[in-house]
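# Working through the structure, step by step
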Amino acid sequence: MGTPYVMLDYLGLGDDLTEEERMVRDTAREFLDEEIRPDIGEHFVEGTFPIEKIPEMGELGFYGPNLEGYGSLGLGERAYGLLMEELEACDSGMRSMASVQGALVMYPIHAYGNEEQKETWLPKLGSGEAVGCFGLTEPNHGSNPSEMETRAERDGDEYILNGNKTWITNSPIADVAVVWARDVSSEDSPVRGFLVETERDGVSTNEIKEKLSLRASITGGIALSDARIPAENVLPEVSGMKGPLSCLTQARYGIAWGAVGAAKDAFEQAVEYATDREQFGKPIAGFQMQQEKIAEMATRISLAELLAHRLAELKERGDLRPQQVSMAKRNNVRMARRVSRTAREMLGGNGITTDYSPMRHLANIETVYTYEGTHDIHSLVLGEDLTGIAAYK
Ligand SMILES: Cc1cc2nc3c(=O)[nH]c(=O)nc-3n(C[C@H](O)[C@H](O)[C@H](O)COP(=O)(O)OP(=O)(O)OC[C@H]3O[C@@H](n4cnc5c(N)ncnc54)[C@H](O)[C@@H]3O)c2cc1C
């Protein structure tokens, strides 16, 4: 099977990393090589996530390490990106776990929560003692979540929530859900974020088992039926679609890096296989047609990696625009989709098994291409930014 201890770095970007960034990258790689990679193919086949590793991932600082305070490591954005790259080089399900917990659950609490909410949840989520999920998508509203039907109605010191969320990563194992709902008791019914403990009456979750993609990740629904939550569970500092959309910008930043990791892993396996596998009396890597594929993959990966590194610089100095993140998510995920397909093809029949990673990455990337804004939606985001004309409707 061949574990990729060294990943492609054609442009020498690794040479410019700081000590801290190298440490983050190497710690993640070592953990994944020892604890996760040996069984990830089996998890994919079984449709399970290594739940028992969630606290260890927390101890290693995988959840929200780029946030400040509350037990967080306060890492720079490039170190955070490298972590996402390593996680997704193992499996998109591993990166999804960290993205949801850090960027979609801890981030909104950190950015929009009150002091008590932060103190209650951030240390527990950061350590992996608690698991969170992010409930935005609904059965009838995916690409256009602003039309959401989930409602929250004020009743004294409580809110009563009704509605259904679907395709929610980790909902069946979550302790708390950040649920986005229309606050119908306020003027214009703005979208607001509610911290919903999943053990409350009126809250139930189900698991979506029939996935052919992102199988090593738990996905489900959340049903809210007259679920009462205390009014102090509202995230007080945000109102409107800015709330969920700003979280998605954080998570998409991680995806732009993660996709590079998945593609590199597929690439490494393809090159290793091609240099070893002989047909017509020589390694298949010695045929020009295979070399063209290798050259093309390495070039696409390197360009996507440059984009991720540039995003880190912009994010670090506070200049990153959501549209730039859309460009990187769109480009890098499409790149990973193409590269993992080419890598799979180079492995011949063996390439369709779980003994090698490319087909697993290829299947996973179908989800990554769709979630956090589909490829099409990011085209429209860029189209609007570049022309000033919105073409969503
Ligand atoms: C495994 C998995 C995990 C997920 N995890 C989460 C999670 O944790 N939390 C969460 O809230 N959501 C999650 N999602 C949901 C995900 O974000 C949605 O699937 C995604 O936003 C797309 O919505 P949809 O599936 O309803 O597709 P639709 O919106 O119905 O889109 C179907 C197709 O139509 C296209 N389309 C839609 N509108 C337009 C338009 N205006 N112009 C051109 N084309 C258009 C789309 O690009 C797509 O190709 C997850 C999804 C998956 C598959």
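Each chain carries its own residue numbering, running from 1 in the direction its sequence is written. Reporting in this predicted model follows two pLDDT cut-offs: at least 70 for local features of residues, and 80 or more for side-chain atom pairs to be given and counted; totals over whole chains, interfaces and linings ignore these cut-offs and use all residues.

Comment: elements are numbered from the N terminus, with helices defined as DSSP H or I runs of at least four residues and strands as E runs of at least two. Counting secondary structure elements, the chain contains 10 helices and 9 strands. Along the longest, intermediate and shortest principal axes, the C-alpha atoms of the chain span 80 × 50 × 40 Å. Whether a residue is buried, exposed or partly exposed is read from the other C-beta atoms within 10 Å of its own C-beta, which are placed from the backbone; 20 or more gives buried, 12 or fewer gives exposed, and intermediate counts give partly exposed. The buried share of the chain, taken over its 393 residues, is 50%. Taking the contacts inside the chain whose residues are at least 6 apart along the sequence as the reference set, 75% of them involve residues at least 24 apart. Each residue is represented by a C-beta atom placed from its backbone, and any two residues with such atoms within 7 Å are regarded as in contact.

With respect to spatial proximity, 20 residues lie near the ligand, and among them L136, G142, S143, T374 and D376 are the closest. Listed by contribution, the elements that provide at least two residues to the shell around the ligand are strand 1 (132-135), strand 3 (158-169), helix 9 (358-370) and helix 10 (375-387). For the shell around the ligand, the element with the most residues is strand 3, which contributes 3 residues. Each residue gets one label: Ala, Val, Leu, Ile, Met, Phe, Trp, Tyr, Cys and Pro are nonpolar, Asp, Glu, Lys and Arg are charged, and the others, such as Gly, are polar. A breakdown of the residues in the shell around the ligand according to their chemical character gives 9 nonpolar, 9 polar and 2 charged. Looking at which domains feed residues into the shell around the ligand, each of domain 2 (132-233) and domain 3 (242-387) supplies at least three. We count a residue as near a molecule or strand when its backbone-placed C-beta atom lies within 6 Å of that partner. All the domain ranges listed were derived from an automatic or database domain assignment.

So, on to the environment of M241. Tracing the backbone shows M241 in the loop between strand 7 (219-230) and helix 6 (242-276). A sequence separation of 135 residues divides M241 from M106, and the C-alpha atoms of the two residues are 18 Å apart.

With that settled, the discussion passes to the UniProt feature "domain: Acyl-CoA dehydrogenase/oxidase N-terminal" (unreviewed entry) in the chain. UniProt positions are given in the numbering used here, feature names are shortened, and annotations may be inferred rather than shown by experiment. Here, UniProt's "domain: Acyl-CoA dehydrogenase/oxidase N-terminal" (unreviewed entry) annotation points to residues 18-129. End C-alpha to end C-alpha, residues 18-129 measures 30 Å, and it is 73% helix and 0% strand.

Right, let's talk about the domain arrangement of the chain for a bit. The assigned domain composition of the chain is domain 1 (13-127), domain 2 (132-233) and domain 3 (242-387). Using C-alpha coordinates to define each centre, domain 1 is positioned 20 Å away from domain 3. Those elements that place two or more of their residues in the side of domain 1 that touches domain 3 are helix 1 (19-46), helix 3 (77-90) and helix 4 (92-112). In terms of residue class, the side of domain 1 that touches domain 3 is built from 11 nonpolar, 6 polar and 7 charged.

Our focus in this paragraph is unusual backbone geometry. Its identity as a non-glycine residue notwithstanding, L214 has a phi of 45 degrees, on the positive side. In this structure, L214 sits in the loop between strand 6 (203-207) and strand 7. With 25 C-beta atoms counted inside 10 Å, the residue L214 sits in the buried group. Phi at E372 is positive, roughly 60 degrees, even though this residue is not glycine. Along the chain, E372 falls in the loop between helix 9 and helix 10.

The element strand 4 (residues 176-183) is largely enclosed, with a buried count of 8 among its 8 residues. Any two strands with at least two DSSP bridges between them are considered paired. Here 4 bridges tie strand 1 to strand 4, and the two strands are oriented parallel to one another. For G132, the partnering residue across the bridge sits in strand 4 and is V176. Where strand 2 (residues 151-155) lies against strand 4, 2 bridges are found, and the strand directions are parallel. By the bridge assignment, R151 is partnered in strand 4 with R182.

With that settled, consider the packing of helix 1 against helix 3. Interaxial angles span 0 to 180 degrees and are taken between N-to-C directions of axes, which are lines fitted to C-alpha atoms, for helices over the stretch in contact. Close contact between helix 1 and helix 3 brings their axes to 9 Å; oriented N to C, the two are set at 15 degrees. As far as their axial angle goes, helix 3 and helix 1 are roughly parallel. Between helix 1 and helix 3 lies a crossing of right-handed hand. Residues E20, E21, V24, R25, A28, R29, L32, I36, R37 and I40 of helix 1 form the contact with helix 3, whose participating residues are R78, A79, L82, L83, E86, L87 and C90. In terms of residue class, the contact of helix 1 with helix 3 is built from 10 nonpolar, no polar and 7 charged. Here the word oblique covers every angle except those under 35 degrees (roughly parallel), over 145 (roughly antiparallel) and from 65 to 115 (roughly perpendicular). Crossing handedness is defined as follows: a turn of the near helix away from the far one that is anticlockwise and smaller than a right angle gives a left-handed crossing, while the clockwise case is right-handed.

Annotation from UniProt places "domain: Acyl-CoA dehydrogenase/oxidase C-terminal" (unreviewed entry) at residues 240-385. The annotated region residues 240-385 carries 77% helix and 3% strand content, and the separation between its end C-alpha atoms amounts to 21 Å.

Here we come to the nonpolar core. Grouped together as the largest cluster of nonpolar side chains are 106 residues, with contacts concentrated most on L161, V179, F194, V196, A259 and A263. Considering every element that reaches this core, the biggest residue donor is helix 6, with 17 residues. Setting aside anything within four residues of it in sequence, one finds L161 in contact with T150, A152, V179, A181, F194, V196, L224, A227 and I229. As used throughout, a nonpolar core is a set of buried Ala, Val, Leu, Ile, Met, Phe, Trp, Tyr and Cys residues joined through C-beta atoms within 7 Å of each other.

Across the interface, helix 6 lies against helix 8 (residues 322-346) with an axial gap of 8 Å and an inter-helix angle of 20 degrees. Relative to helix 8, helix 6 is oriented roughly parallel. As for the relative orientation of helix 6 and helix 8, their crossing is left-handed in sense.

Here the focus is helix 7 (residues 288-316). By this rule, a helix spans an expected 1.5 Å times one less than how many residues it contains. Given a rise of 1.5 Å per residue, 29 residues ought to cover 42 Å, and the 42 Å separating the end C-alpha atoms of helix 7 matches this to within 8%. Restricting attention to buried positions, one finds in helix 7 the residues Q290, K293, M297, R300, I301, A304, E305, A308, L311, A312 and K315. Where the residues of helix 7 are buried, they touch helix 3, helix 6 and helix 8. One or two positions beyond helix 7, positive phi appears at G318, with a value near 80 degrees.

A few words now on the environment of F49. Residue position: F49 is located in the loop between helix 1 and helix 2 (54-59). Along the primary structure F49 and M97 are separated by 48 residues, whereas in three dimensions their C-alpha atoms are 9.2 Å apart. Excluding its chain neighbours within four sequence positions, the residues that come into contact with F49 are H43, G93, M97, A216, S217 and I218.

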